[in-house]
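Fold and geometry: a report
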Amino acid sequence: MIKVSVIGAGTMGMGIAQIAATQGHQVCLYDNYDGAIENAKNKLEKILNRLVEKEKITSKEKDEIIGRINFSKELAAISESNIVIEAIIEDLKIKKDVFSKIEEIIDEDCIIGSNTSSLSIASIASACKHAERVVGIHFFNPAPLMPLVEIIPAVQTSDSKLIEARKIIDGWGKISVIVKDTPGFIVNRVARPFYGEALRIYEEGIADFATIDWSMKELGGFRMGPFELMDYIGNDVNYIVTETVFKSFYFDPRYKPSFTQKRMMEAGYLGRKTGKGYYNYNAEIPKANTNRDLGKQILWRILSMLINEAADALFLNIATREDIDLAMTKGVNYPKGLLNWADEIGIKNILNQLEDLQSEYCEDRYRPSPLIRRMVKENKTFY
């Protein structure tokens, strides 16, 4: 077994520590923020107690998992680690500072991973003298339950460290996909229209939150609607990811943030964690308009934009077609892989919808991916 250290004892860091300890590794969970370590230990014990109650693990296994974790406020405790995974605030300057400090403590062959959801791995790695051992290792929340992990090599990452990092993650029973170091990687890039186009439909007055959510769940088979999911994630977190991707793609209108969501964030209506977001969780949830024709219009518009984004990710070699589809089904629980879904619907039909939207709005936001145009022209499918 190896020693795994996790930097940051928030929900994600705690989840990663739980995974590693459950797999039998010695773990150091570090956080020097006041009360963070104590809070993480209490929360983890409650989570494990629930697993005992559900007979997922035994009381003995629970004690062994907790016993493998060193909850520490001293960064020096990460020494002799085989892999360190950072899971702190999405702030590049802070991350680079932490990485430089990590490197002063660990051995030269230790892998340093970042759980960033959208920041440049190359930029983070530049803070290290041995940047070849830095790799993006992006888990999804809740980490113990979500099977997908995006593995992102920086331009500096060595092939050997990439292979080693992936072997560790796969050994934890996770499903890993290799992704190019570009903003949002696969999931947080491809999923942007699920939120952005839903917000646009609302802003145009086509439908309210409940109706859009109903359309995507009832007719599209999604587990959660866009507004339910944004409330679950938190409007602060979701907005910042959208804004980061937008800026990182040099203000491409395809990723333009919404004023509706920005105002929600500014008002403190962050979703479930504050009791109010797009829905008021202290009151009755409004009923949806269940007109199926309207619902199909909503689904078709959002789905076409999602497929276009997935196709563009393939066009730009962000990942393989299989990994793109796997990422969306295993990372955000989409009912089908988007490229496979496109084949079922007909790529020509997707192109027609996108061209209709672009013609109506005269916005580059709706430009079809060159790959979609090419495939229609050559009468090809993704699979």
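You'll find the structure just up there.
This is a predicted model, so every value here is computed, not measured. (Residues numbered from 1 in each chain as written. Predicted model: local features only at pLDDT ≥ 70, side-chain atom pairs only at ≥ 80, totals over all residues. Heavy atoms only, no water.)

This paragraph deals with the sheet that holds strand S5 (residues 111–114). One open sheet accounts for 8 strands, arranged S3-S2-S1-S4-S5-S6-S7-S8; its pairing is mixed. The sheet is open, and its two borders are formed by strand S3 (69–72) and strand S8 (175–178), each paired with just one other strand. Across the sheet, the mean angle from the axis of one strand to that of its neighbour is 25°, orientation sign disregarded. Direction of pairing for strand S4 (residues 83–86) relative to S5: parallel, over a ladder of 4 bridges. Each residue of the ladder has a partner; that of glutamate 86, found in S5, is serine 114. (Pairing = 2+ DSSP bridges. Helix = DSSP H or I, 4+ residues; strand = E, 2+ residues; numbered from the N terminus. Axes fitted to C-alpha atoms, helices over the stretch in contact; angles between N-to-C directions.)

Between asparagine 141 and the following residue, proline 142, the backbone shows a cis peptide bond with an omega angle of 0°. With respect to the helices and strands, the residue proline 142 is situated in the loop between strand S6 (134–139) and strand S7 (148–153). Here phenylalanine 251, not a glycine, exhibits a phi torsion of approximately 65°, which is positive. As for its placement among the helices and strands, phenylalanine 251 is situated in the loop between helix H11 (235–248) and helix H12 (259–267). The exposure class of phenylalanine 251 is exposed, given its relative accessible area of 53%. Unlike most non-glycine residues, asparagine 333 shows phi in positive territory, near 60°. Following the sequence through the fold, asparagine 333 ends up in the loop between helix H14 (321–331) and helix H15 (338–345). (Buried < 20%, exposed > 50% of the residue type's maximum accessible area, 1.4 Å probe, protein only.)

The subject of this paragraph is the packing of helix H9 (residues 209–219) against helix H10 (residues 226–233). When two helices pack together, you describe them by how their axes are tilted relative to each other and by the distance separating the axes. Relative to each other, H9 and H10 sit at 105°, their axes nearing to 7 Å. Here H9 lies roughly perpendicular to H10, going by the angle between them. Contacts from Phe209, Ile212, Asp213, Met216 and Lys217 of H9 reach H10 at Pro226, Phe227 and Glu228. Classifying every residue of the contact of H9 with H10 gives 5 nonpolar, no polar and 3 charged. (Parallel < 35°, antiparallel > 145°, perpendicular 65-115°, else oblique. Contact = heavy atoms within 4.5 Å. Nonpolar A, V, L, I, M, F, W, Y, C, P; charged D, E, K, R; others polar.)

Further remarks concern the environment of alanine 143. By secondary structure assignment, the location of alanine 143 is in the loop between S6 and S7. Taking the C-alpha atoms as reference points, alanine 143 and methionine 12, separated by 131 residues in sequence, lie 6.4 Å from one another. Beyond its immediate stretch of four places on either side in the chain, alanine 143 contacts Met12, Gly15, Ile16, Ile19 and Lys174.

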